[in-house]
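As a plain string of letters, each chain reads:
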Amino acid sequence: TDTSFVHIGSKVRVYDEDLDEEEVYEITGTTESNAMENKISNESPVGAALLKRKVGDIVKIVAPDGEYKLVVKEIF
């Protein structure tokens, strides 16, 4: 598995600067997404923004509840 870029099937550890916390998301297709398990769709605002990113990237997310930034810490 290529872990240099985020793709469907990747697990991504991100750091949220505003909340000062880390979160791990698994990027899935729409049918497998499950927010309770942190499985997010590649078509969601966060999932779409993380696709094709690499470790160290700062990703700006524009969501219905506002804008925020996530730093990609690890892809596995």
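Details of the structure are given in the entry above.
I will try to describe carefully the structure that is included in this document. What you see is a predicted model, and the numbers here were worked out from it, not measured in a lab.

## Considerations on the pairing of strand β5 (residues 66-75)
Inference 1: The sheet contact formed by strand β1 (residues 11-16) and β5 spans five bridges and is antiparallel. For Y15, the partnering residue across the bridge sits in β5 and is V71.
Inference 2: Across six bridges, the pairing between strand β4 (residues 58-63) and β5 is antiparallel. Paired with I61 across the two strands is Y68, which belongs to β5.
Inference 3: The turn linking β4 back onto β5 is made up of two residues.

## A closer look at the pattern of salt bridges
Inference 1: For the coordinates displayed, the defined rule picks out five salt bridges.
Inference 2: For D57, the salt bridge goes to K54, with nearest N and O atoms at 3.4 Å.
Inference 3: A single salt-bridge network, built from bridges that share partners, covers R13, E22 and E74.

## Quick word on the sheet that holds β4
Inference 1: Taken together, the five strands give an open sheet; going across it, the order is β3-β2-β1-β5-β4, and neighbouring strands pair in mixed fashion. Of all the strands in the sheet, just β3 (39-41) and β4 have a single pairing partner and so form its edges. Direction aside, neighbouring strands of the sheet carry axes that sit 45° apart on average.

## Thoughts on the pairing of β1
Inference 1: A one-sided burial pattern is seen for β1, the buried positions being V12, V14 and D16 and the unburied ones K11, R13 and Y15.
Inference 2: Bridge analysis of β1 against strand β2 (residues 21-28) gives six bridges, and the strand direction is antiparallel. Across the sheet, residue Y15 finds its bridge partner in β2, namely E22.
Inference 3: In textbook terms, the turn of a hairpin is the stretch between consecutive antiparallel strands, and for β1 and β2 this stretch comprises four residues, one of which, D20, has a positive phi near 55°.

Rules behind the numbers
- Residues numbered from 1 in each chain as written.
- Predicted model: local features only at pLDDT ≥ 70, side-chain atom pairs only at ≥ 80, totals over all residues.
- Heavy atoms only, no water.
- Pairing = 2+ DSSP bridges.
- Helix = DSSP H or I, 4+ residues; strand = E, 2+ residues; numbered from the N terminus.
- Salt bridge = Lys/Arg side-chain N within 4 Å of Asp/Glu carboxyl O.
- Axes fitted to C-alpha atoms, helices over the stretch in contact; angles between N-to-C directions.
- Buried < 20%, exposed > 50% of the residue type's maximum accessible area, 1.4 Å probe, protein only.

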